[in-house]
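The primary structure of each chain is shown beneath.
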Amino acid sequence: MKLYNTLTKKLETFKPINPEEVKIYTCGPTVYDYPHIGNYTSYIYWDLLIRALKKNGFTPKRVLNLTDVGHLASDADEGEDKLEKGAKREHKTVWEIAEYYSNYFLENYNKLNLTPPDIIARATDYIDEDLALIDSLTEKGYTYETSDGIYFDTSKFPTYADFARLDLDHLKAGARVDFSSEKRNISDFALWKFIKDGEDHAMRWSYRGRDGYPGWHIECATIIHEKLGETIDIHTGGIDHIPVHHTNEIAESECAFDKKMCNFWLHCNFITIDNEKVSKSLGNTYKLEDLEEKGYTPLDFKMWVLQGHFQGTRNFSFDDLSAAKSRRLNWKNKAASAYQLKNIDKNADLQEKILEAVNENLNSPEAFSIIDTNELSFEDWKFIDELFALDLTREIENLPDYVSRLISEREEARRHKNYALSDEIRDELAENNITVKDTPDGPIWQYLK
Ligand code: AMP
Ligand code: ZN
């Protein structure tokens, strides 16, 4: 398998530390609001990664975190904590907000047919471990305290700028003129924030005699260390994570543990919607339910996502979603035909070709064009379902008995030239989303939608 590694800026052959346990970490959502369709795109691509690893004989072990504290409105350690903001908006406690949106996210994750992570870790369950990590960084001289928190001194980590190819001099020059924080360097970041007297921050833990809460990045460094160990195989996220979040995770982890944090870093690109960036003010932060209300299933959306490459820029439109929906229906019906025509023998070469496309940096669009241009058996469609989890074959094998009976009864009626009855049955089948087509190979049932 070849994967584009943000760390080396190269397409590299993937070599795990231990093929029996490929350690993978995915930065999860901040659970303070409904995720929009842009947020789900990354998890869809990482599911393809997991499924492809399995097809290549590896055994992945994946951790996903849920950020339920410490993610401030701005990545620069400023602004309100997103969870506190959600609680105020909905007149709920922060804990209720975290619980509600975590469950909501995981329900939708299931609707997209995504492989459940082996471990789901909530940031607030790791506060003691965060503090131990901060203590260790402090002992090694990497931290300093200001009036509002404990900061990581990035000038002490000589390779800090390497991961994102940051131009720190340029950053310094571009910093706001009123930049008045007590930070020693523009790129320094908060490991821990102190809560000011009178400040409204419900999630709080005592440290160094004051109440405070963790900075955003530390949860990932901590959880990775706790659940996967010092060096992991693959770390995934969105491109927005490269310059701040992942750069800071690397600094924390590598300075605390003196080990390379991760061998392969994968980042997916952002989608735009109707050629605009996804934003509340533009009113285009569609949820999966918004698509469902317009007649598209979560798996139609997944089809649209996988039609593009994870590193490509993608523009979402309802026209394109309709095209993806039709393509998925077409695939389902091809699978249904193969099943009925007893075209069931596995085509090993073709399956190999499809997997090879995916193995070339998760090239799902290329794999999809191979699928479109070849005759596939039902076994091949099952293979495609294992790889892309688009739920094409499950219903076909489980066609309800009464639907099968209706199909036979329709045949019987037509044989007896009882067209009134056969039309009646046709309508009844349509109510069950089935139509019957007469083909040279005999009648074949197909899905209507
Ligand atoms: P958040 O819950 O805000 O931490 O967001 C989770 C992740 O969703 C972000 O860090 C991005 O990696 C991803 N994301 C946000 N917007 C988009 C988008 N428009 N397209 C693709 N991914 C996105
Ligand atoms: Zn993270």
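Residues numbered from 1 in each chain as written. Chains lettered and ligands numbered in written order. Predicted model: local features only at pLDDT ≥ 70, side-chain atom pairs only at ≥ 80, totals over all residues. Heavy atoms only, no water.

> Could you clarify how one ought to interpret the nonpolar core in this entry?
Nonpolar side chains in soluble globular proteins tend to be buried together. Of all hydrophobic cores here, the largest spans 133 residues; its most connected members are Leu291, Phe301, Phe316, Ile354, Leu362 and Phe388. Looking at this core element by element, the count peaks at eleven residues for helix 1 (residues 37–55). (Core = buried A, V, L, I, M, F, W, Y, C linked by side-chain atoms within 4.5 Å. Buried < 20%, exposed > 50% of the residue type's maximum accessible area, 1.4 Å probe, protein only. Helix = DSSP H or I, 4+ residues; strand = E, 2+ residues; numbered from the N terminus.)

> Would you explain helix 11 (residues 348–359) in this entry?
Each full turn of the α-helix corresponds to 3.6 residues, which orients residues three or four apart in the same direction. Helix length check: helix 11 (twelve residues) gives 16 Å between terminal C-alpha atoms against 16 Å at 1.5 Å per residue, within 8%. In the stretch just after helix 11, Asn361 is the one whose phi turns positive, near 60°. (Expected span 1.5 Å × (residues − 1).)

> Got a minute to help me understand the site of ligand 1 in this structure?
In the region of ligand 1, 14 residues are neighbours, and Thr30, Asn39, Asp240, His241 and Ile271 sit closest. Interatomic distance of 2.9 Å between a side-chain N/O atom of His241 and an oxygen atom of ligand 1. Look at ligand 1: alone it shows 490 Å² of surface, and the protein chains cover 89% of it. The cavity that encloses ligand 1 is the largest pocket. Element by element, the count of residues in the shell around ligand 1 is highest for helix 1, at three residues. Grouping the constituent residues of the shell around ligand 1 by class yields four nonpolar, nine polar and one charged. (Near = heavy atom within 4 Å. Polar contact = N/O pair within 3.5 Å; in protein donor to acceptor, adjacent residues only side chain to side chain. Areas by Shrake-Rupley, 256 points an atom, 1.4 Å probe, with all protein chains shown as cover. 1 Å grid on protein atoms, 1.4 Å probe; cavity = no way out; pocket = protein on both sides within 12 Å on 5 of 7 lines; lining within 4 Å. Sits in = over half its atoms within 2 Å of the grid points. Nonpolar A, V, L, I, M, F, W, Y, C, P; charged D, E, K, R; others polar.)

> Could you clarify how one ought to interpret the environment of Glu145 in this entry?
Within the secondary structure, Glu145 is located in strand 8 (residues 143–146). Expressed as a C-alpha distance, the spacing of Glu145 and Phe270, which sit 125 residues apart in the sequence, is 36 Å. Engagement of the side chain of Glu145 in a polar contact is seen with the side chain of Arg208, the distance being 2.7 Å.

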